[in-house]
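As a plain string of letters, each chain reads:
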Amino acid sequence: MLKQRILTAVILAPLALMAILFLPLVSFQVVIALVVGLGAWEWSSMSGITRKFTKVSYAILVTAICLLLAFMLPTDMIWYQGKLNSLYHYILSLAALWWLISLAMIIVYPRFSSIWYCSKPIRGIFGFFTLIPTWVAVISLRTSLYDVDPFYGASLIFYVLGIVWAADIGAFFVGIKFGKHKLRPLVSPGKTLEGLMGGIFASSLIIAFAATHYQFDTSRMWLHVVIGALTVGVSALGDLNESMFKRCAGIKDSGTLLPGHGGIMDRIDSLTAAFPVFAFCYVTWMA
């Protein structure tokens, strides 16, 4: 299993790096839409869908919506005079609201879960709220200031990846060594409050580095720190959200697409929350 995990990471990491840095924007939109589509295939299983035709249809629908958004708005029109297109901003605003709702669902789980647990369509809609804004967020960040610096948006994506991965690593090691107080045992028994704090501390190192790299105005430094911490915190929410739906579906992994890692959603669950929330904060207060 460890060899499989390492081999998969060694193959995928350079591909992801090259895609973020060097793919033309239109090709990048398509690639991210395909990744989101694979996530939708796995989300259909977490929604309780078992028929292959329905699963394929769901994945195609999510992918098609992303590609339709790309077709409706050329890459050079996503940002206009330093402002994100209103449709994209609206989708990110809905995503921020969705993650507040998800937080409430996780806090009260399993109470009230019967409202949505038995409904495959409702769980499928939750997938729309989770996956489509992820595509919008990644594309919005990648195209930010593209005419000024083609790599600026890529650096924003790497920033989110960096603080989320640092949080995951910090949470893992601190949780193993010091974890005693379960975060939400009915949702994900392995997550602890100590691990969450360890993750936030580890990610703060990346946040501090980014503050010097982007040379933020010192009077706005507090905003940078708050948004970074919020992004890290909500990334844990994304992990718990997926765990909750997997538990409801009675499955351990979201899929088997990544040898040694499980499914696509098992690897991007925290990012489906982190990217939309960070992008919403970025376009609202920082751009």
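Residues numbered from 1 in each chain as written. Predicted model: local features only at pLDDT ≥ 70, side-chain atom pairs only at ≥ 80, totals over all residues. Heavy atoms only, no water.

Caption draft 1: Quick look at the nonpolar core. Core analysis: the largest hydrophobic core is formed by 74 residues, its most contacted members being Trp135, Leu141 and Phe275. Of all the secondary structure elements, the ones that give two or more residues to this core are helix H2 (25-46), helix H3 (52-72), helix H4 (86-108), helix H6 (120-142), helix H7 (152-178), helix H8 (193-213), helix H9 (221-249) and helix H10 (264-286). For this core, the element with the most residues is H10, which contributes 15 residues. Discounting chain neighbours no more than four positions away, the residues touching tryptophan 135 are Gln29, Ile32, Ala33, Val36, Cys66, Leu69, Ala70 and Tyr88. (Core = buried A, V, L, I, M, F, W, Y, C linked by side-chain atoms within 4.5 Å. Buried < 20%, exposed > 50% of the residue type's maximum accessible area, 1.4 Å probe, protein only. Helix = DSSP H or I, 4+ residues; strand = E, 2+ residues; numbered from the N terminus. Contact = heavy atoms within 4.5 Å.)

Caption draft 2: Spatial organisation of the pattern of salt bridges. For the structure on display, the rule yields two salt bridges. Two residues, glutamate 242 and lysine 246, come together in a salt bridge whose shortest N-O distance is 3.9 Å. Here glutamate 242 pairs with lysine 246, and both are found in helix H9, just four residues apart, close to one helical turn. With relative accessibility at 1%, the residue glutamate 242 sits in the buried group. When the shortest N-O distance is used, the salt bridge between lysine 246 and aspartate 266 registers 2.9 Å. One end of the pair, lysine 246, is in helix H9; the other, aspartate 266, is in helix H10, with 20 residues separating them in the sequence. For lysine 246, a relative accessible area of 11% puts it in the buried group. Take aspartate 266: its relative accessible area is 9%, and that puts it in the buried class. (Salt bridge = Lys/Arg side-chain N within 4 Å of Asp/Glu carboxyl O.)

Caption draft 3: The packing of aromatic side chains, seen in detail. Per the counting criterion, the structure on display carries 12 aromatic pairs. Ring geometry for phenylalanine 280 and tryptophan 285: centres 5.9 Å apart, planes at 80 degrees, overall edge-to-face. Grouping aromatic residues by their ring pairs yields a cluster made of Trp43, Trp98, Trp99, Phe126, Phe129 and Phe245. The ring of tryptophan 41 carries the charged tip of lysine 55 above its face, separated from the ring centre by 4.6 Å. (Phe/Tyr/Trp six-rings, centres within 6.5 Å; stacked < 30°, edge-to-face > 60°. Lys NZ or Arg CZ within 6 Å of the ring centre and 35° of its normal.)

Caption draft 4: Expanded view of unusual backbone geometry. In this structure, glutamine 81 is a non-glycine residue whose phi angle is positive, near 55 degrees. Locating glutamine 81 in the fold gives a position in the loop between strand S1 (79-80) and strand S2 (83-84).

Caption draft 5: Geometry of H9. Across its 29 residues, H9 extends 43 Å between first and last C-alpha, which sits within 8% of the 42 Å expected from 1.5 Å per residue. Looking one or two residues beyond H9, the residue adopting positive phi is glycine 250, at roughly 70 degrees. (Expected span 1.5 Å × (residues − 1).)

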